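This is what each chain is made of:
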Amino acid sequence: MAIVNFTTMANFDGSTIIVPSISMANVPQLAVDLLIHTLKLEKVGSLDDKYLYPFSAPFDRMPEENPKLGISSAVEIYYSKELQVTAIQQRSPILPGFTEHYVNETIAPFLSQHKFRNVWILDSVDAGMSEGLPSGTMKVFSNSEMLRVSLESLNIGGGNKLPDPTNVCHSLYACKLVAKLISPGARNFELGTIVTYIYEGDNFNEAEKLSDKVAEICEWKIESWKRPVSWSGVYGDREVPTAMEEGLYG
């Protein structure tokens with residue numbers, strides 16, 4: 001079973017699910033953070049994390065909220081019955097060499113076990129490896145045929161042949177997941193990906209733009225995105241020291 005723990009028996013049937021890839025600068029996960037806290041999605045379950053690095057942390061929250069009891073795990077399910085939206089949040093990387101196992105044994109089975117209306121995979125790719133695509137470019141692949149075409153350059157099923165680095169359309173994780181989901185009989189939902197092409201650095205703005213695109217597609221009216229307290233430490237929790245005041249290494 002993909003789900004290893006439920007806090008409540010949510011009915012995901014008919015909802016749209018957002019799945020972050022494990023990719024460039026963690027932008028998809030940051031975007032899901034914004035969705036969780038802005039839309040007030042409720043944690044309803046956890047998935048098997050045996051193919052991920054061990055992880056536990058306090059529950060994330062908004063700065064004005066009191067700390068919550070409990071522990072966050074590596075990969076969790078969030079849901080809103082009112083909005084009919086489900087989200088997977090993954091906070092730990094996949095162990096090297098286990099991407100396909102994780103896709104085939106954890107994520108794809110969960111998606112296939114429920115009658116989701118739409119599955120949107122959020123992805124991020126290095127703009128420097130994509131010829132002619134400046135940072136900030138975003139592409140939406142909204143059906144399986146477009147996805148199939150976009151994956152041809154990545155040689156899914158092509159043995160050990162490496163992809164052309166100037167024609168990258170998806171991260172490895174997204175490629176594996178899409179390839180699994182477009183196989184015959186693997187799905188009963190509409191499938192799409194949203195890919196943002198970026199450079200790694202301070203990527204909060206890119207995460208908000210990716211969330212904007214999700215909101216546009218799902219027809220949500222969002223005035224502003226709410227950033228949880230965990231974002232305060234993403235790039236360190238202190239200002240960079242200066243050699244004159246604090247020494248070269250602070």
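In case you missed it, the structure is sitting above this.
Residues numbered from 1 in each chain as written. Predicted model: local features only at pLDDT ≥ 70, side-chain atom pairs only at ≥ 80, totals over all residues. Heavy atoms only, no water.

**Some thoughts on the nonpolar core**
(1) Moving on: By size, the foremost hydrophobic cluster in this structure holds 31 residues, and its most contacted members are Val-19 and Leu-111.
(2) Moving on: Among the elements of the structure, strand 2 (16-20), strand 3 (42-47), strand 6 (75-80), helix 2 (99-113), strand 8 (118-126) and helix 4 (172-181) are those that each provide at least two residues to this core.
(3) Moving on: The leading source of residues in this core is helix 2, at 6 residues.
(4) Moving on: When residues no more than four places from it in sequence are discounted, the contact partners of Val-19 are Ile-88, Ile-107, Leu-111, Val-119, Trp-120, Ile-121, Leu-122, Tyr-173 and Leu-177.
(5) Moving on: Membership of the second largest hydrophobic core comes to 27 residues, among which are Leu-41, Tyr-78, Val-85 and Trp-120. (Core = buried A, V, L, I, M, F, W, Y, C linked by side-chain atoms within 4.5 Å. Buried < 20%, exposed > 50% of the residue type's maximum accessible area, 1.4 Å probe, protein only. Helix = DSSP H or I, 4+ residues; strand = E, 2+ residues; numbered from the N terminus. Contact = heavy atoms within 4.5 Å.)

**As for the pairing of strand 8**
(1) Moving on: Among the 9 residues in strand 8, 8 count as buried, and that is most of the element.
(2) Moving on: As paired elements, strand 2 and strand 8 share 5 bridges and run parallel to each other. Bridged to Val-19 within strand 8 is Ile-121.
(3) Moving on: Pairing of strand 8 with strand 10 (residues 190-198), which is carried by 9 bridges, proceeds in the parallel orientation. Looking at strand 10, one finds that Asp-126 is bridged to Ile-198. (Pairing = 2+ DSSP bridges.)

**A look at the packing of helix 2 against helix 4**
(1) Moving on: Look at helix 2 against helix 4: their axes get within 10 Å of each other, and the N-to-C directions meet at 50 degrees. In terms of orientation, helix 2 lies oblique with respect to helix 4. You can see that helix 2 and helix 4 cross each other, and the crossing is right-handed. Listed contacts from helix 4 to Thr-99, Glu-100, Tyr-102, Val-103, Asn-104, Ile-107, Ala-108 and Leu-111 of helix 2 are Leu-172, Tyr-173, Lys-176, Leu-177, Lys-180 and Leu-181. (Axes fitted to C-alpha atoms, helices over the stretch in contact; angles between N-to-C directions. Parallel < 35°, antiparallel > 145°, perpendicular 65-115°, else oblique. Left-handed = near helix turned anticlockwise from the far one by under 90°.)

**A few points about the packing of aromatic side chains**
(1) Moving on: Tallied over the entire structure, the rule returns 7 aromatic pairs.
(2) Moving on: Judged by centre distance (4.4 Å) and plane angle (20 degrees), the ring pair of Phe-204 and Trp-231 falls under stacked. Residue Phe-204 is located in helix 5 (residues 204-218), and its partner Trp-231 is located in the loop between helix 5 and helix 6 (243-246); the two are separated by 27 residues in the primary sequence. As far as burial versus exposure is concerned, Phe-204 and Trp-231 are alike and both buried.
(3) Moving on: Three or more aromatic residues link up through ring pairs in this structure, and these residues are Phe-12, Tyr-79, Phe-110 and Phe-116. (Phe/Tyr/Trp six-rings, centres within 6.5 Å; stacked < 30°, edge-to-face > 60°.)

**Details of the pattern of salt bridges**
Proximity of charged atoms lets side chains of opposite charge pair with each other.
(1) Moving on: Taken as a whole and judged by the stated rule, the model has 6 salt bridges.
(2) Moving on: Residue Lys-176 is joined to Glu-100 by a salt bridge in which the shortest nitrogen-to-oxygen separation is 3.4 Å. Pair noted here: Lys-176 is in helix 4 and Glu-100 is in helix 2, with a separation of 76 residues, a long-range link.
(3) Moving on: Here the salt bridges share partners, and the residues they tie into one network are Lys-43, Glu-76 and Arg-91. (Salt bridge = Lys/Arg side-chain N within 4 Å of Asp/Glu carboxyl O.)

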